[in-house]
Amino acid sequence: MGKLTVRALRAVLVVVLAGTVFVQAGMVWALATGSDPEDGSIPLTPLRVITVLGMMSVQVALVCVWRLVTMVRRGTVFSHAAFRYVDGVIGAIVAAALLWFAVTAVNAPGQRDDPGVTVIMGGVGVAILGVALIVLVLRMLLAQAVARDVEASQMQAELDEVI
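The shown structure was predicted, so the numbers you read here are calculated from the model rather than taken from an experiment. (Residues numbered from 1 in each chain as written. Predicted model: local features only at pLDDT ≥ 70, side-chain atom pairs only at ≥ 80, totals over all residues. Heavy atoms only, no water.)

## Here's the deal with the overall build of the protein chain
- A tally of regular secondary structure across the protein chain gives four helices and zero strands.
- Secondary structure of the protein chain in N-to-C order comes out as α-α-α-α.
- A globule of 163 residues ought to have a C-alpha radius of gyration of about 15 Å, yet the protein chain, at 21 Å, is considerably larger.
- C-alpha extents for the protein chain along the principal axes are approximately 80 × 30 × 25 Å.
- Within the protein chain, buried positions represent 26% of all 163 residues.
- For the protein chain, the accessible surface area stands at approximately 10400 Å², while carbon and sulfur atoms represent 71% of it.
- Looking at the protein chain, you have 11 positive and 11 negative side-chain charges, and the mean spots of the two groups are 11 Å apart. (Helix = DSSP H or I, 4+ residues; strand = E, 2+ residues; numbered from the N terminus. Rg over C-alpha atoms; globule rule 2.2 N^0.38 Å. Buried < 20%, exposed > 50% of the residue type's maximum accessible area, 1.4 Å probe, protein only. Areas by Shrake-Rupley, 256 points an atom, 1.4 Å probe, with all protein chains shown as cover. Lys, Arg positive; Asp, Glu negative; His and termini not counted. Charge placed at Lys NZ, Arg CZ, Asp CG, Glu CD.)

What follows is the structure, encoded as structure tokens:
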């Protein structure tokens, strides 16, 4: 990975992290002031709590990606240490999907006249889970690459002994 690519990715990660912290601060402030509408519309308190938790899941994924990029830059990504960060990304994505399903459930009573919105939101949740499955497949590919790297190292050591 080139230096420019790493810097660009890290810049994006920092901007997204700052954005999530900003949203979290806004939601915590809104929770502290307790400004829910009294007109019987969607209750905002559960949505605000879900938003804070959702931003936390994004932040976990960002930190894990940062660590993985660092490992790639150092050439150590094909090691067993990378698995905990990939697992962190998978867990964060699954958590985000579950939180999205919670948003769908909170929003559903207000959509009785148009249940299609709830179905679409449920479909988005399934798509988010699909992303977690894609990352799981990529984790399996990483496991194969690590196994091949270990095997190649062993073969190199055996070849060095012969020579």
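## Focus: helix 4 (residues 116-162)
- Over its 47 residues, helix 4 runs 69 Å from end to end, which matches the ideal 69 Å to within 8%, given 1.5 Å per residue.
- For helix 4, the complete set of buried residues consists of Met121, Gly122, Gly125, Ala132, Val135, Leu142 and Val146.
- Tucked into the core, helix 4 has its buried residues touching helix 3 (82-107). (Expected span 1.5 Å × (residues − 1). Contact = heavy atoms within 4.5 Å.)

## Observations regarding the nonpolar core
- Ranked by internal contacts, the top residues of the largest apolar core, which has 15 residues, are Leu68, Met71, Ala82, Val86, Val135 and Leu142.
- Residue assignment for this core shows that the elements contributing at least two residues are helix 2 (44-74), helix 3 and helix 4.
- Residue contributions to this core peak at seven residues, all from helix 3.
- Among all residues touching leucine 142, those that are not within four sequence positions of it are Val77, Phe78, Ala82, Phe83 and Val86. (Core = buried A, V, L, I, M, F, W, Y, C linked by side-chain atoms within 4.5 Å.)

## Details of the packing of helix 3 against helix 4
- Helix 4 packs onto helix 3 with a crossing angle of 170° between their chain directions and a minimal axis gap of 9 Å. Compared by their axis directions, helix 3 and helix 4 come out roughly antiparallel. (Axes fitted to C-alpha atoms, helices over the stretch in contact; angles between N-to-C directions. Parallel < 35°, antiparallel > 145°, perpendicular 65-115°, else oblique.)

## Notes on the pattern of salt bridges
- Per the stated rule, a full pass over the model turns up one salt bridge.
- Residues arginine 139 and aspartate 87 are paired through a salt bridge, measuring 2.5 Å at the closest nitrogen-oxygen approach. Residue arginine 139 is found in helix 4, and its partner aspartate 87 is found in helix 3; the two are separated by 52 residues along the sequence.
- Assessed through its relative accessible area of 25%, arginine 139 is described here as partly exposed. (Salt bridge = Lys/Arg side-chain N within 4 Å of Asp/Glu carboxyl O.)

## Quick word on the layout of surface pockets
- In this structure, the largest pocket encloses a volume near 310 Å³.
- Together, Val65, Leu68, Val69, Val72, Val77, Phe78, Val86, Val89, Val135, Leu138, Arg139 and Leu142 line the largest pocket.
- Sorting the residues of the lining of the largest pocket by element identifies helix 2, helix 3 and helix 4 as the ones contributing at least two each.
- Taken together, the residues of the lining of the largest pocket break down into 11 nonpolar, no polar and one charged. (1 Å grid on protein atoms, 1.4 Å probe; cavity = no way out; pocket = protein on both sides within 12 Å on 5 of 7 lines; lining within 4 Å. Points joined across faces, edges and corners; volume = space filled by probe spheres on them. Nonpolar A, V, L, I, M, F, W, Y, C, P; charged D, E, K, R; others polar.)

## As for the confidence of the model for the protein chain
- Summarising the model, the protein chain shows a mean pLDDT of 90, and 95% of its residues fall at 70 or more.
- Within the protein chain, no element has a lower average pLDDT than helix 4, which sits at 92, and none a higher one than helix 3, at 95. (pLDDT = per-residue confidence, 0-100.)

## Looking at the side chain of glutamine 24
- Along the chain, the position of glutamine 24 falls in helix 1 (residues 3-33).
- Setting aside residues no more than four positions away along its own chain, glutamine 24 makes contact with Val52, Met55, Met56 and Gln59.

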